[in-house]
Amino acid sequence: MRIFSDFQLFQRPPQPSRALFRWMAWRFLLFSAIFLCFVAYFAVTHVIGDEPLYFVNEDRYMTHAETLEVFWIFFLPSVAGFVIGLLGVLLVPKV
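This is a predicted model, so every value here is computed, not measured. (Residues numbered from 1 in each chain as written. Predicted model: local features only at pLDDT ≥ 70, side-chain atom pairs only at ≥ 80, totals over all residues. Heavy atoms only, no water.)

Let's talk about the packing of helix 1 (residues 18-48) against helix 2 (residues 64-91)
Point 1. Following both chains from N to C, one finds helix 1 and helix 2 inclined at 155 degrees, their axes separated by 8 Å at the closest point. Accordingly, the angle class assigned to the pair helix 1 and helix 2 is roughly antiparallel. At the point where helix 1 passes helix 2, the crossing takes the left-handed sense.
Point 2. In terms of residue class, the contact of helix 1 with helix 2 is built from 21 nonpolar, eight polar and one charged. (Axes fitted to C-alpha atoms, helices over the stretch in contact; angles between N-to-C directions. Helix = DSSP H or I, 4+ residues; strand = E, 2+ residues; numbered from the N terminus. Parallel < 35°, antiparallel > 145°, perpendicular 65-115°, else oblique. Left-handed = near helix turned anticlockwise from the far one by under 90°. Nonpolar A, V, L, I, M, F, W, Y, C, P; charged D, E, K, R; others polar.)

Here's the deal with helix 2
The α-helix winds at 3.6 residues per turn, so residues separated by three or four positions along the chain end up facing the same way.
Point 1. For helix 2, built from 28 residues, the straight-helix expectation of 40 Å at 1.5 Å per residue is met to within 8% by its first-to-last C-alpha distance of 40 Å.
Point 2. Listed as buried for helix 2 are T67, F71, S78, G81, G85, G88 and V89.
Point 3. Buried residues in helix 2 make contact with helix 1. (Expected span 1.5 Å × (residues − 1). Buried < 20%, exposed > 50% of the residue type's maximum accessible area, 1.4 Å probe, protein only. Contact = heavy atoms within 4.5 Å.)

Section: helix 1
Point 1. With 31 residues, helix 1 should reach 45 Å at 1.5 Å per residue; the first-to-last C-alpha distance of 42 Å fits that figure.
Point 2. The sharpest bend along helix 1 reaches about 25 degrees and sits at F42.
Point 3. Burial in helix 1 covers these residues: R22, A25, W26, R27, L29, S32, V39, F42, A43, T45, H46 and V47.
Point 4. Against the buried residues of helix 1 lie helix 2.
Point 5. Where helix 1 ends, the next residue or the one after it, D50, has phi of about 60 degrees, a positive value. (Bend = angle between axes of the 7 residues up to and from the residue.)

A look at the nonpolar core
Point 1. Ranked by size, the top nonpolar core spans seven residues in total: V39, F42, A43, V47, L53, M62 and F71.
Point 2. At four residues, the largest contribution of residues to this core is made by helix 1.
Point 3. Ignoring any residue separated from it by four or fewer positions in sequence, one finds F71 in contact with V39, F42, A43 and V47. (Core = buried A, V, L, I, M, F, W, Y, C linked by side-chain atoms within 4.5 Å.)

Considering the pattern of salt bridges
For side chains bearing opposite charge, pairing can occur when the charged atoms are close.
Point 1. Scanning the model with the defined rule gives two salt bridges in all.
Point 2. Its salt-bridge partner being E58, residue R60 comes within 2.7 Å of it at the nearest N-O pair.
Point 3. Given a relative accessible area of 27%, R60 falls into the partly exposed group.
Point 4. Here the salt bridges do not stand alone but share partners, grouping E58, R60 and E66 into one network. (Salt bridge = Lys/Arg side-chain N within 4 Å of Asp/Glu carboxyl O.)

A closer look at unusual backbone geometry
Point 1. Phi is positive for D59, close to 55 degrees, though the residue is something other than glycine.
Point 2. Tracing the sequence through the fold places D59 in the loop between strand 1 (54-55) and strand 2 (60-61).
Point 3. Residue class for D59 comes out exposed when judged on its relative accessible area of 58%.

What follows is the structure, given as structure tokens:
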């Protein structure tokens, strides 16, 4: 429960200090988790479900290999952001 004890989502940011870094880490973790959920939905519908993506600029459907490339482009930064936010929450001491 120590992790969630300072989860104050709708409060103003604190003054510059360690508390500000912890506040930013919570925001980074939250937004990365939301983006990771979006990427997971994309993976379920388009990568696993094989629903083709329409590529408007070239007037064609993307191949499965191209869809996998798009998935990796979004998946790796979202996981990296989630890990950075989680490390920030766990390692920055509470004030």
